[in-house]
Number of protein chains: 2
Amino acid sequence: MTWEDVAAERQQHRAKTIAEVQPAVPGVPSELPLNVTAIPRQLLPAEVVTITEQTTEDLVLALANGRLSALAVTQAFLQRAGLACKLTNCITELMPRRALDRAQYLDQYYKDHQKPIGPLHGVPISVKEHIGMKDLDWNAGFVSWVGKTAPKDAFILQLLWNSGAVFYARTTQPQTLMHLETSNNLYGVTVNPFNRSLTCGGSSGGEGALGGMRGSCLGIGTDIGGSIRSPAANQGLFGLRPTSYRLPCGGFAATMLGEEQIVPVVGPISTSLGGIKLFMKSLIDQQPWLHEAALLPFPWKETSSSGTLLRQGQDGRRKLRVGVLTDDGIVKPHPPVLRGLKTLVDKLKVHPDVELVDFPPLRHEHAWSIISSLYFADGGSEEREAIDASGEPWRPLSKFILIDNPNVKKLSVPEVWKWTVEREAYRDAYAAHWNSTASEDGHALDVVLCPVGPGCAPPIDCARYWSYTSQWNLLDYPSIVFPTGLSCQPELDPAETTYTPRNAHDKYNHELYKPETYVDAPISLQLVGRRYEDEKVIEALEMISELADMPEVGI
Amino acid sequence: MTWEDVAAERQQHRAKTIAEVQPAVPGVPSELPLNVTAIPRQLLPAEVVTITEQTTEDLVLALANGRLSALAVTQAFLQRAGLACKLTNCITELMPRRALDRAQYLDQYYKDHQKPIGPLHGVPISVKEHIGMKDLDWNAGFVSWVGKTAPKDAFILQLLWNSGAVFYARTTQPQTLMHLETSNNLYGVTVNPFNRSLTCGGSSGGEGALGGMRGSCLGIGTDIGGSIRSPAANQGLFGLRPTSYRLPCGGFAATMLGEEQIVPVVGPISTSLGGIKLFMKSLIDQQPWLHEAALLPFPWKETSSSGTLLRQGQDGRRKLRVGVLTDDGIVKPHPPVLRGLKTLVDKLKVHPDVELVDFPPLRHEHAWSIISSLYFADGGSEEREAIDASGEPWRPLSKFILIDNPNVKKLSVPEVWKWTVEREAYRDAYAAHWNSTASEDGHALDVVLCPVGPGCAPPIDCARYWSYTSQWNLLDYPSIVFPTGLSCQPELDPAETTYTPRNAHDKYNHELYKPETYVDAPISLQLVGRRYEDEKVIEALEMISELADMPEVGI
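Rules used in this analysis
Counting from 1, residues in each chain are numbered in the order their sequence is written. Chains carry letters and ligands carry numbers; both start at the beginning, A for chains and 1 for ligands, and go up in the order they are written. Given that this is a predicted model, residues contribute local features only at a pLDDT of at least 70 and side-chain atom pairs are listed and counted only at 80 or more, while totals for whole chains, interfaces and linings are drawn from all residues. The side-chain figures draw on all heavy atoms in the structure; neither hydrogens nor water molecules are used. By definition, residues are in contact when any of their heavy atoms lie within 4.5 Å. Computed with a 1.4 Å rolling probe, the buried area is the accessible surface lost when two parts are put together, summed over both parts. Each salt bridge in this description consists of a side-chain nitrogen of Lys or Arg and a carboxyl oxygen of Asp or Glu lying within 4 Å of one another. Per the convention used, a helix needs a DSSP run of H or I reaching at least four residues, while a strand needs a run of E reaching at least two, with both numbered from the N terminus. Only protein chains enter the accessibility calculation, which uses a 1.4 Å probe; a residue is then buried when its area is under 20% of its type maximum, exposed when over 50%, and partly exposed in between. In this comparison the copies share one frame, found by least squares on the C-alpha atoms of residues holding pLDDT of at least 70 in both. UniProt positions are given in the numbering used here, feature names are shortened, and annotations may be inferred rather than shown by experiment. We call two N or O atoms a polar contact when they sit within 3.5 Å, provided that within protein one can donate a hydrogen and the other can accept it, with sequence-adjacent residues counted only if both atoms are side-chain atoms.

1. Quick notes on the interface of chain B and chain A
Contact residues are listed per partner, giving 35 residues for chain B and 35 residues for chain A. Carbon and sulfur atoms make up 60% of the area that chain B and chain A hide from each other, which totals about 2,700 Å². At the surface where chain B touches chain A, the tally comes to two salt bridges. A salt bridge links E260 of chain A to R423 of chain B; the shortest N-O distance between them is 2.4 Å.

Structure below.
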């Protein structure tokens, strides 16, 4: 079989699973607008629209009190996900049979016991394809890996299953999993539903596009350099990169298994912050560390917008201290990003419960040298072999990160140690940098507010600057992205005409910006906390959303 | 300079620092008995004996309420440490000037403020030499590294200093730091004070011998395969190998910096369990994770022999569940070890608050393959280079672990990844093994009781079986060793005459055992907990000591 045959077979399989959905997924016009997010409301029944546009936490309530059946919810999301795929190419397969069987089981359980089976009873969860599902394909975006199937469900799926989840859709991922976009030779390019000329982001880009279409309210992504946050931000969703070793990563298809210098993490993408919290709490409450030995036994701390964690022991009067990092000193963010940041900062700076502090970057270019030297310590051999085995072409961004990247070298073991020492020295220096923000009463910053990238969702194959997200992977700081409720508007976001770029990266990014290119792209921001302070980051975002009267839902 | 010149210079330096102690360290007879532990009481003033034979926690009290001055305590320990060195060769240098200056400062502080400066006010702490001290030698047991000095105090020393500690003695370590004994070409062999024909253990063997002589009540060791526990056990002391990333490891001289597959840890060796607790709590209460980024932000949980942690939420009635692992299935422990274990088990099994459960080993030979493959992933090049650079000879146990060890190979980065995957698979399997001990009410074992080694302190150069300790390094389980109050007695511990060894390791160990060889060697045992449950291990040992009426102090 040629690689084209393999791809054709995978696409036929996908089409077949979409065709199985009942009621049938509507067809779409051959001519599509750039922004396709309004189409589902035109083509789908009102009930389907209503169900799929609820927040995860509202769905949980409706399912728990019997107002909605798991079957109705599952059918609605299957239909909308099928439509989302026709519009953005975000799915690798739907699983209508498995999902409906599961939904019926849950409905029966509810009928028999008059209570939900767990905290996610009946909630449909979409899953990035490399997260293994028993007997289903497990290819990580490589044509040559097609046909490998997972021996069992990944541990995280087992836990979500225990909580009552319904798995119904698997989502696209790029070749190598190492793009901040989503393009491979099996399905082609996944596009951004707000503007189909832009990328959905990646590597969890199928999740991003599906969430942006409201074909998913809660999905699972993975992140080693921005792969949860880029797609969440590009579609105006919430996406959390937790600190490493809080959520289980067993059972994923990927190259470089056993690599620990830069740890990949799994995390949620959701249309609401409530969905993020439900996901984290449901998993961690099951004490996964008793089974996956790499995990840390930190219980999940409850959060609330009244700031119980932040203010604990502070008799309720300490201000939320927010650092603002506007620019990493290497690549200046595009005008819409700066507008989004300024809008939020302007609201916060007049609020009596918030103290804003300028937080300067600390050698972020050095951070990129370290992380990009450690990403492919075998010189990328596994990726090369996996791509070349089928004869499939190299996608442009695989070439960008593996071939054109001067930091990719085949390292010896002592060279890896040397870079690891550099990494720890940098982490210690950053800890000191953060400590240096302490106020007179001894409180350092709670969180740092910053861009998610040097622009909003870029045009296809142009996501070539990772540092606004990979910075926090290197430091292993929890970071969440969230919608500002704003989107790119040419009239509000003119290009800077007199700017002199600082370097080649900055020049590339500067020249990428043309206001009309980005029309309708959501403007998102990122909130970062110290290592292991995942709950604090969420709580701070709850407070900020409330104080700044920000939209709870991203659409 | 030849390596012999370097060694002579180091020994002269040591002699000079011992000679500086006032009142003078007594001379010792040229003919010494095998057991030299009684000599200090014969040669030192009664007050010195009284001070140095207190537990750490009693010393802390006496210093905190002003009954003892820091100066008197420091002088007493300097004297006894100098004597200990003359009898066992356990010191690389004393620091009388630094220590007495510090003690005087603390006494002045106490006088001015009428309170101690911190929880370790005036407590003398001995330090394994590779833990850096500003401007002092930092050689890790290699002749070629002599002359390197630490640019500043290791972070752990800074924290102990904040707590009020007095540093007065630096202790011996073996060539490469990778022996379970202590022998190098700078100072020769450090011997066991209970029986000078036996090893003090290692690699923190200077700490072990010094503690055994009561020349230290609290010292710092490091452990990657048993290096805290072997010397603590060989001298009947308490020694804790904490879970990784709980205590700071920055500023140590060692090969393979940046190696993370098997993480070395630092931990306390003390004459009392109270000393272990004080050490852990004083450090962790300072939130070292805010500065050394690798550390985990677990606060220290208070423990007590009434079992507050173990029984939390169990309304005080749950039994302590102790697994008993008598034999790892590879090398059968010597008769004294089995007698020590049986004595304790017999006491515990009739106690209504304890439930004993047989805990079988799970493929411990596979664990050794993994850990010994990962110890020297560069094939031992750094150690070879560091030894060969000076022309010093290879000590027998350096040769044993680096040259004769079939698992030492120069690995590629992908080979390290492969072994890391094996390690995690084994850790997961062991977690399942531990979970499988759950009782009907859902409680798995709290702790496992087992030997520390296949025998008590072996004759010099015979410590060649690491698995009873390295097993828990591989799993990263906290493990503490403790004295049973018993020691080897030929009449109670006859050799087994009809035993057929299972394999070459077992044969070597079996043939090593001759009852008269081990006379007076302390019999110690090990208590192991699940990863990160350091406090629980301590609490369980407090309960066990109380229930079994075991000696609190090891001498």
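This is not the end of the story, as more comes after the structure.
2. So, the side chain of E424 of chain A
Tracing the chain through its elements places E424 of chain A in helix α16 (residues 413–435). Its relative accessible area of 16% is what places E424 of chain A among the buried residues. Contacts of E424 of chain A, omitting those with residues within four sequence positions, involve A293 and A294 of chain B.

3. Some words on the relation of the copies chain B and chain A
Screw-axis analysis of chain B against chain A gives a translation of 0.0 Å along the axis, an RMSD of 0.0 Å, and a rotation angle of 180 degrees. What the rotation and shift describe, once combined, is the action of a two-fold rotation axis. If distances are taken from each C-alpha of chain B to the rotation axis, the shortest is found for V413 of chain B, at 2.8 Å. Both copies share a contact surface, since 100% of the interface residues of chain B are interface residues in chain A too.

4. Quick notes on the UniProt feature "active site" (unreviewed entry) in chain A
Residue and element names in this part refer to chain A. According to UniProt, the positions carrying the feature "active site" (unreviewed entry) are K128, S203 and S227. Considering the C-alpha atoms alone, the annotated residues occupy 100 residues of sequence yet fold into one spot, their largest mutual distance being 10.9 Å. Inspection of the secondary structure puts S203 in the loop between β7 (195–199) and α8 (205–212). Owing to a relative accessible area of 2%, S203 belongs among the buried residues under this scheme. Non-local contacts of S203, meaning those with residues more than four positions away in its chain, are made with K128, T172, Q173, P174, L177, H179, L180, E181, T182, T222 and S227. Here the side chain of S203 touches K128 through a polar contact of 2.6 Å, side chain to side chain. Here S227 shows up in the loop between β8 (218–223) and α9 (229–234). Setting aside anything within four residues of it in sequence, one finds S227 in contact with K128, L177, H179, L180, G202, S203, S204 and T222. At a separation of 2.8 Å, a polar atom in the side chain of S227 contacts the side chain of S203.

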